[in-house]
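Listed below, chain by chain, are the residues.
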Amino acid sequence: MPAVMEAIDHMTTSEKFETIDYLVSSISAAGENLSDEWRSEVARRHEEVLRGDVDLVPFDESLRKAFARVASVHISNRVGA
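Calculation criteria
Residues numbered from 1 in each chain as written. Predicted model: local features only at pLDDT ≥ 70, side-chain atom pairs only at ≥ 80, totals over all residues. Heavy atoms only, no water. Patch = residues over 30% accessible without salt bridge, like charges linked within 9 Å, V, L, I, M, F, W, Y side chains within 5 Å. Areas by Shrake-Rupley, 256 points an atom, 1.4 Å probe, with all protein chains shown as cover. Salt bridge = Lys/Arg side-chain N within 4 Å of Asp/Glu carboxyl O. Helix = DSSP H or I, 4+ residues; strand = E, 2+ residues; numbered from the N terminus. Buried < 20%, exposed > 50% of the residue type's maximum accessible area, 1.4 Å probe, protein only. 1 Å grid on protein atoms, 1.4 Å probe; cavity = no way out; pocket = protein on both sides within 12 Å on 5 of 7 lines; lining within 4 Å. Points joined across faces, edges and corners; volume = space filled by probe spheres on them. Nonpolar A, V, L, I, M, F, W, Y, C, P; charged D, E, K, R; others polar.

1. Quick word on a nonpolar patch on the surface
- Together, Phe17, Ile20, Val24, Phe59, Leu63 and Phe67 make up an exposed nonpolar region whose accessible area comes to about 600 Å².
- Those elements giving two or more residues to the nonpolar patch turn out to be helix 2 (13-29) and helix 4 (59-80).
- Its place among the elements puts Ile20 in helix 2.
- Residue classification places Ile20 among the partly exposed residues on the basis of a relative accessible area of 40%.

What follows is the structure in structure tokens.
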């Protein structure tokens with residue numbers, strides 16, 4: 001996995017988005033292996049969004065928070081090493 005992460009670090013933004021698209025397609029193709037419970041949960045959450053029961057977070061904000069969480073874990077792992 002570190003080799004994959006290193007390769008991603010050297011990608012252009014366009015290449016990174018292409019990789020995201022590929023990963024999403026790959027996950028979607030594997031959807032046939034998902035449990036009925038998982039599908040029900042996704043459908044339930046989708047309905048909540050459609051009804052406006054949940055507040056959506058803009059993608060850039062969500063991505064920023066995700067990177068911050070990953071960085072936090074990475075830093076705490078280094079400190080504990």
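Resuming the write-up.
2. Some points on the pattern of salt bridges
- Following the criterion strictly, the structure yields five salt bridges and no others.
- In this structure, Arg44 and Glu41 form a salt bridge, with 2.6 Å as the shortest nitrogen-oxygen distance. Residue Arg44 and its partner Glu41 are both found in helix 3 (residues 36-51); the two are separated by three residues, about one turn of the helix.
- A relative accessible area of 39% means that Arg44 is categorised as partly exposed.
- For Arg44, the salt bridge goes to Glu48, with nearest N and O atoms at 2.6 Å. Taken as a pair, Arg44 and Glu48 lie in helix 3 at a separation of four residues, close to a single helical turn.

3. As for the layout of surface pockets
- Its boundaries defined by the atoms lining it, the largest pocket holds a volume of some 620 Å³.
- In terms of lining, the largest pocket is formed by 16 residues, of which the most central are Ile8, Lys16, Ile20, Leu63 and Phe67.
- Secondary-structure elements contributing two or more residues to the lining of the largest pocket are helix 1 (2-9), helix 2 and helix 4.
- With seven residues, helix 2 is the largest single contributor of residues to the lining of the largest pocket.
- Classifying every residue of the lining of the largest pocket gives twelve nonpolar, two polar and two charged.

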